[in-house]
Amino acid sequence: MLKAFRGSFLDFVNDPFYTSEAESVRYFSDGLLVVEQGRLKALGDYDKLKPQYAGVPVEDYSGKLITPGFIDLHIHFPQTEMIAAYGEQLLEWLDTYTFPTESKFKDRAYAQQVASLFLDELLRNGTTTAVVLAAVYPESADAFFEEADRRRLRMVAGKVMMDRNAPDFLLDTAVSSYQDSKTLIEKWHGHNRLLYAVTPRFAPTSTPEQLQLAAKLLQEYPGTYLHTHLSENVAEVAWVKELFPDCQGYLDVYDQVGLVGERSLFAHCIQLTEAEFERLAAAKATIAFCPTSNLFLGSGLFKLEKAKSVDCPIRLGLATDVGAGTSFSMLQTANEAYKVAQLRQQKLSPFQALFLATLGGARALALDDKIGSFAVGREADFVVLDPRSTPVMAFRNAEASPASLIELADRLFSLVIMGDDRAVQATYILGELAHSKGQAGNLPAANSPLKIL
Ligand code: GUN
Ligand code: ZN
């Protein structure tokens, strides 16, 4: 029943944007993590804890850094195949590349194949939870949930709702989107580890009627999330103004119909006004910071210091936004987040970056009682990182595991800046191996509970 893992363990007990590192970072240089039936039972110094668990089999990851699994707050699974599409900014990029690609997801078998590859890729990168947009077709969301369930993953997802301003083959109607979402919610929301996000794509592709019906779903199913895009690109914001002349601004389009609340998640938020930041803070809504996507599409530099300010604090996590995002790796995403902060004359410490990718994301989803840390009782989703995964990293990180917080910060920073999927030694889901580096391609590890498709 019990199993244990030895290595260096790092997680957070507080937000390092608002408390000192000493008060927010928890670190065991030589630690032991005990798992019972997929949940965390104990974490402590190896020497102190081991006698209590004598006889329990131990997986030895000495020299590796083990953190809670990464949480990607915003990603499109049907865009896996169109990552790195050249030359356009948001609206043209959607028309030229995205919409034609998403049309392929009407085919359920195809959607299932891509969902499988996509989830394998998340696990290869140490991401154990993601907030995922499917295509407009309910089959695409259904296929995604099925694949996530087979892997016993904690995932939040939803069918995109879009009833105007896109090619006909991609449109639903206000009523059909409501009904299809409802059917998916009934089937998947709260099923094992899966949760549903009501997902109007963004204001320009929804009629006011569709947005109202999205709000109705949230009222009817209180545990569901609202997930959409907000204020990403200058031309998009201008278009929203034309489409909704009676609204005060972009956020107000969602606010007027009751879509802004504690379970609302807004991706990007590059072009927000001061008043909109304040409104999001007051509503306790969440922002997904998507640095690789915001740079790739030329959308702009997210005001991280504004979102994490003391007087107007906003719940914030980190997201890849693949396929506008350029990597599935949350380490690479944190790397770009650091550079965005630099360009704004700000800092993002390695601990702050890892917090956003773990406990910050869990708090943003109000799932911190289940994931995001090594607190006792949490689900045992974690990632084993190798700080020596390339020749240069091995050269840079030559010494044994860091003993002090200062040494740890330096090592973690090297993982954030230089690390990617190569640095992910293994990924565990509910205490079971779900990805192990060196195992061939997409095949599950030999001792994994996963089945080959
Ligand atoms: N806004 C509306 N749809 C999308 C999308 O698919 N990707 C991004 N980055 N922004 C969007
Ligand atoms: Zn997106």
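Model, not experiment: these values are computed from the prediction. (Residues numbered from 1 in each chain as written. Chains lettered and ligands numbered in written order. Predicted model: local features only at pLDDT ≥ 70, side-chain atom pairs only at ≥ 80, totals over all residues. Heavy atoms only, no water.)

1. Describing the overall build of the chain
Looking only at helices and strands, the chain has 17 helices and 16 strands in total. Here the chain has a C-alpha radius of gyration of 21 Å; the compact-globule value for 453 residues is 22 Å, and the two agree. Per-residue burial over the chain gives 61% buried out of 453 residues. Counted over contacts in the chain with a minimum sequence separation of 6, partners at least 24 positions apart contribute 74%. When the accessible area of the chain is evaluated, it comes to approximately 16900 Å², of which 53% is carbon and sulfur surface. Of the side-chain charges in the chain, 43 are positive and 56 negative, and the distance between the mean point of each set is 5 Å. (Helix = DSSP H or I, 4+ residues; strand = E, 2+ residues; numbered from the N terminus. Rg over C-alpha atoms; globule rule 2.2 N^0.38 Å. Buried < 20%, exposed > 50% of the residue type's maximum accessible area, 1.4 Å probe, protein only. Contact = heavy atoms within 4.5 Å. Areas by Shrake-Rupley, 256 points an atom, 1.4 Å probe, with all protein chains shown as cover. Lys, Arg positive; Asp, Glu negative; His and termini not counted. Charge placed at Lys NZ, Arg CZ, Asp CG, Glu CD.)

2. What about the coordination of the zinc ion (ligand 2)?
Protein coordination at the zinc ion (ligand 2) comes from H74 (NE2), H76 (NE2), H229 (NE2) and D321 (OD), with a distance range of 2.0 to 2.3 Å. In the primary structure, the donors to the zinc ion (ligand 2) are separated according to the pattern H-x1-H-x152-H-x91-D. A residue pair is termed long-range when its members are at least 10 positions apart, and H76 in strand β5 (residues 70-76) and D321 in the loop between β13 (315-318) and α13 (330-343) qualify at 245 residues. When sorted by exposure, H76 lands in the same class as D321, which is buried. (Donors = N, O, S within 2.8 Å, 3.2 Å for Na, K, Ca; no water.)

3. Focus on the sheet that holds strand β14 (residues 382-385)
Strand order across the open sheet formed by seven strands is β3-β2-β1-β4-β14-β15-β16, with mixed pairing between neighbours. The open sheet is flanked by β3 (39-45) and β16 (432-436), the only strands paired with a single partner. Averaged over all pairs of adjacent strands, the angle between their axes in this sheet comes to 35°, without regard to strand direction. Where strand β15 (residues 424-429) lies against β16, four bridges are found, and the strand directions are antiparallel. Looking at the pairing, I429 lines up with E432 of β16. (Pairing = 2+ DSSP bridges. Axes fitted to C-alpha atoms, helices over the stretch in contact; angles between N-to-C directions.)

4. Some points on the site of ligand 1
Of all residues adjacent to ligand 1, which total 13 residues, the nearest are H76, Q79, R201, E232 and D321. One of the side-chain nitrogen or oxygen atoms of R201 is found 2.7 Å away from an oxygen atom of ligand 1. Note that a nitrogen atom of ligand 1 is positioned 2.7 Å from one of the side-chain N or O atoms of E232. Under a 2 Å grid-point criterion requiring more than half of the atoms, the pocket assigned to ligand 1 is the largest cavity. Among the elements that take part in the shell around ligand 1, helix α3 (residues 90-102) stands out by supplying three residues, more than any other. Per-class residue counts for the shell around ligand 1 are six nonpolar, four polar and three charged. (Near = heavy atom within 4 Å. Polar contact = N/O pair within 3.5 Å; in protein donor to acceptor, adjacent residues only side chain to side chain. 1 Å grid on protein atoms, 1.4 Å probe; cavity = no way out; pocket = protein on both sides within 12 Å on 5 of 7 lines; lining within 4 Å. Sits in = over half its atoms within 2 Å of the grid points. Nonpolar A, V, L, I, M, F, W, Y, C, P; charged D, E, K, R; others polar.)

5. A look at unusual backbone geometry
With the exception of glycine, the majority of residues adopt a negative phi angle, and the majority of peptide bonds are in the trans configuration. With an omega of 0°, the peptide bond running from V322 to G323 counts as cis. By the element assignment, G323 lies in the loop between β13 and α13. Look at H268: it is not a glycine, yet its phi comes out positive at around 85°. Taking the relative accessible area as the measure of exposure, H268 reaches 0% and is therefore buried. Positioned with a positive phi, C269 is a non-glycine residue whose angle comes to about 60°. Its place among the elements puts C269 in the loop between β11 (264-268) and α10 (274-283).

6. Observations concerning the confidence of the model for the chain
Parts of the prediction with low pLDDT should not have their coordinates interpreted in detail. Considering every residue of the chain, the mean pLDDT works out to 96; 97% of them sit at 70 or more. Across residues 441-453 the pLDDT falls below 50, and counting only partners more than four positions away or on other chains, this stretch makes 22 contacts in the model. (pLDDT = per-residue confidence, 0-100.)

7. Describing the packing of aromatic side chains
Geometrically, a pair of aromatic rings is defined through the distance of the ring centres and the angle of the planes. Counted according to the given criterion, the structure contains 19 aromatic pairs. Ring geometry for F118 against F328: centres 5.8 Å apart, planes inclined by 65°, an arrangement best described as edge-to-face. One end of the pair, F118, is in helix α4 (residues 108-124); the other, F328, is in the loop between β13 and α13, with 210 residues separating them in the sequence. Taken as a pair, F118 and F328 share a single burial class, namely buried. Cluster of aromatic residues (ring-pair linked, three or more members): F77, F105, Y110, F118, F144, F145, W188, Y196 and F328. Over the aromatic face of Y46 sits the side chain of R6, whose NZ or CZ is 3.5 Å from the ring centroid. Sitting over the face of the ring of Y225, R263 holds its NZ or CZ atom 4.3 Å from the ring centroid. (Phe/Tyr/Trp six-rings, centres within 6.5 Å; stacked < 30°, edge-to-face > 60°. Lys NZ or Arg CZ within 6 Å of the ring centre and 35° of its normal.)

8. Details of the packing of helix α5 (residues 138-150) against helix α6 (residues 174-188)
Taken N-terminus to C-terminus, the directions of α5 and α6 make an angle of 15°; their axes are 10 Å apart at the nearest point. If you check the angle between α5 and α6, you find them roughly parallel. In this structure, α5 meets α6 at a crossing whose hand is right-handed. In contact with P138, A141, D142, F145, E146 and D149 of α5, α6 contributes D180, L184, K187 and W188. For the contact of α5 with α6, the class distribution of residues is five nonpolar, no polar and five charged. (Parallel < 35°, antiparallel > 145°, perpendicular 65-115°, else oblique. Left-handed = near helix turned anticlockwise from the far one by under 90°.)

9. Considerations on empty space enclosed by the protein
With a probe scaled to a water molecule rolled over the atoms, the places where space remains empty come into view. The tally for this structure, following the rule as stated, stands at six cavities of 30 Å³ or more. Taken as a whole, the largest cavity holds about 100 Å³ of empty space. As for the largest cavity, its lining consists of 13 residues, and the residues nearest its centre are L90, W93, L94, H229 and E232. In terms of residues, the lining of the largest cavity owes the most to one element, α3, which gives three residues. Tallied by class, the residues present in the lining of the largest cavity amount to six nonpolar, four polar and three charged. (Points joined across faces, edges and corners; volume = space filled by probe spheres on them.)

10. Quick look at the nonpolar core
If you look at the biggest cluster of nonpolar residues, it comprises 122 residues, and the most contacted ones within it are F77, F144, M155, Y254, F266 and L280. Residues contacting F144, with those up to four places away along its chain left out, are F77, A115, F118, L119, V132, M155 and A157. I71, A197, C290 and L367 belong to the second-largest nonpolar core, a separate cluster that totals 17 residues. (Core = buried A, V, L, I, M, F, W, Y, C linked by side-chain atoms within 4.5 Å.)

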